[in-house]
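Read off the chains here:
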Amino acid sequence: MRRTPHSSPRLRLMSVLGLLAALFLPPGMASASHAATSKAADPVRVMPLGDSITGSPGCWRAVLWNRLVSSGYKDIDFVGTLPPQGCGQAHDGDNEGHGGELVTTVADQNLLPGRLASTRPDIVVMHFGTNDVWSGISPDRILAAYTKLVAQMRASDPDTRILVAQLIPMNPSSCGACAQRVVDFNARIPGWARATGTDRSPVTVVDQWTGFSTATDTYDGVHPNASGDNKIAARWFPALAAVLDAGTPQDPGDPGDPGEEPAACTARFRAVSSWQGGYQGEVTVTNTSASTVSGWTATVAPANGARLTQVWNGTHTTAADGTATVANATWNGALAPGASATFGFVATAPATAGTPAATVTCTAKAPAG
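Model, not experiment: these values are computed from the prediction.

## What to know about the sheet that holds strand S14 (residues 324–328)
Pairing between the strands of a sheet comes from backbone hydrogen bonds, and it takes one of two forms, parallel or antiparallel.
Part 1 of the reasoning: Pairing within the open sheet is antiparallel, and its 4 strands lie in the order S13-S14-S11-S16. Sheet topology places strand S13 (314–318) and strand S16 (358–365) at the edges, where each strand pairs with a single neighbour. Averaged over all adjacent pairs, the angle separating strand axes in this sheet is 20°, with direction ignored.
Part 2 of the reasoning: Bridge analysis of strand S11 (residues 295–302) against S16 gives 8 bridges, and the strand direction is antiparallel. Of the residues in S16, the one forming a bridge with glycine 295 is lysine 365.

## A closer look at the packing of helix H2 (residues 60–70) against helix H9 (residues 226–246)
Part 1 of the reasoning: Relative to each other, H2 and H9 sit at 45°, their axes nearing to 8 Å. Overall, the two elements H2 and H9 adopt an arrangement that is oblique. In this structure, the crossing between H2 and H9 has a hand that is right-handed. Mapping the contact onto sequence places Trp60, Val63, Leu64, Arg67 and Leu68 in H2 and Asp229, Asn230, Ile232, Ala233, Ala234, Trp236, Phe237, Leu240 and Leu244 in H9.
Part 2 of the reasoning: Grouping the constituent residues of the contact of H2 with H9 by class yields 11 nonpolar, 1 polar and 2 charged.

## Looking at the state of the cysteines
Part 1 of the reasoning: This model, assessed by the stated rule, comprises 3 disulfides.
Part 2 of the reasoning: Bridging cysteine 59 to cysteine 87, the disulfide has an S-S length of 2.1 Å. Every disulfide takes its handedness from the sign of the S-S torsion; for cysteine 59 and cysteine 87 that torsion is -95°, giving left-handed. Residue cysteine 59 is located in the loop between strand S3 (44–50) and H2, and its partner cysteine 87 is located in the loop between strand S4 (76–78) and strand S5 (96–97); the two are separated by 28 residues in the primary sequence.
Part 3 of the reasoning: In this model, cysteine 175 is linked to cysteine 178 through a disulfide, with the two sulfur atoms separated by 2.0 Å. Across the S-S bond of cysteine 175 and cysteine 178 the torsion is about 90°, and the bridge reads as right-handed.

Thresholds, definitions, all that
Residues numbered from 1 in each chain as written. Predicted model: local features only at pLDDT ≥ 70, side-chain atom pairs only at ≥ 80, totals over all residues. Heavy atoms only, no water. Pairing = 2+ DSSP bridges. Helix = DSSP H or I, 4+ residues; strand = E, 2+ residues; numbered from the N terminus. Axes fitted to C-alpha atoms, helices over the stretch in contact; angles between N-to-C directions. Parallel < 35°, antiparallel > 145°, perpendicular 65-115°, else oblique. Left-handed = near helix turned anticlockwise from the far one by under 90°. Contact = heavy atoms within 4.5 Å. Nonpolar A, V, L, I, M, F, W, Y, C, P; charged D, E, K, R; others polar. Disulfide = S-S within 2.5 Å.

Structure, rendered in structure tokens:
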């Protein structure tokens, strides 16, 4: 069961098919307890923000929406001032993906505050900057625009949670330099996020670049096709699910346990051995919070076309792009502060894959109660 560790005047817990997500409560209630019993809470509002990769039609949003719903996240609401653009499957299509838009233009012209006022997002899912990179705008200027947009989000809601993508690759026929520009810009994003995130309004980086091919996952070297949509949604899902599970960090003035902090963990990959066509890997999950965690989930994104085929000391599912989600076994989920658990796996890999490598992340679960 997923639980939100904290409750604030704006968010309460609700059961959804055995899963709990943090929900937004309207301001102005006389008391939180009265609000919880007198009026149902609104769904968590998620804004997909970006350019034509997010809109026009941005069908990864449809894939992501349906994966969330099928996983039990019913009380969510995708929001934006733009309507759905089709995609051939039922989904909540509201979005803020404006085709051709530059993030630097949005920042320079202060376009975001009005959109935020109309939609009031709790979470922003942002893949933004492709047109800026294409236009040869410097990473410094793009990141300055990111910083301004984050400040505007927090002015709208100090508890806004922000997921920022490392951009998918780009290789249009009309821009020979674009491929390397994306690499150079993506390399700057993690450091920017560390400097910009706060306990109350965290910024989470989601790697949309690794494992994405402009040859097979786009129809023009820039915009995703069906394969690309599936890969993008598969990368957003664990990061967004972790934010939904964790809820909003507790406001400084909210009642609660002094010094309590969210559960946290780190994951580390190691190649144990390799052979032609595959390798054995190992991931160590470490509890980095100050209290015991009751469980953990790790995401393993193998590089160079590898795919997990067997896992021990955990249970796993694999997305269409090969990204595996591994949950703890019944006996190794609880970790004291500083304690670690290790799971192993076997992966198949193309003969030309080279040295085994994988991007690994993890989320930790706080004890129920």
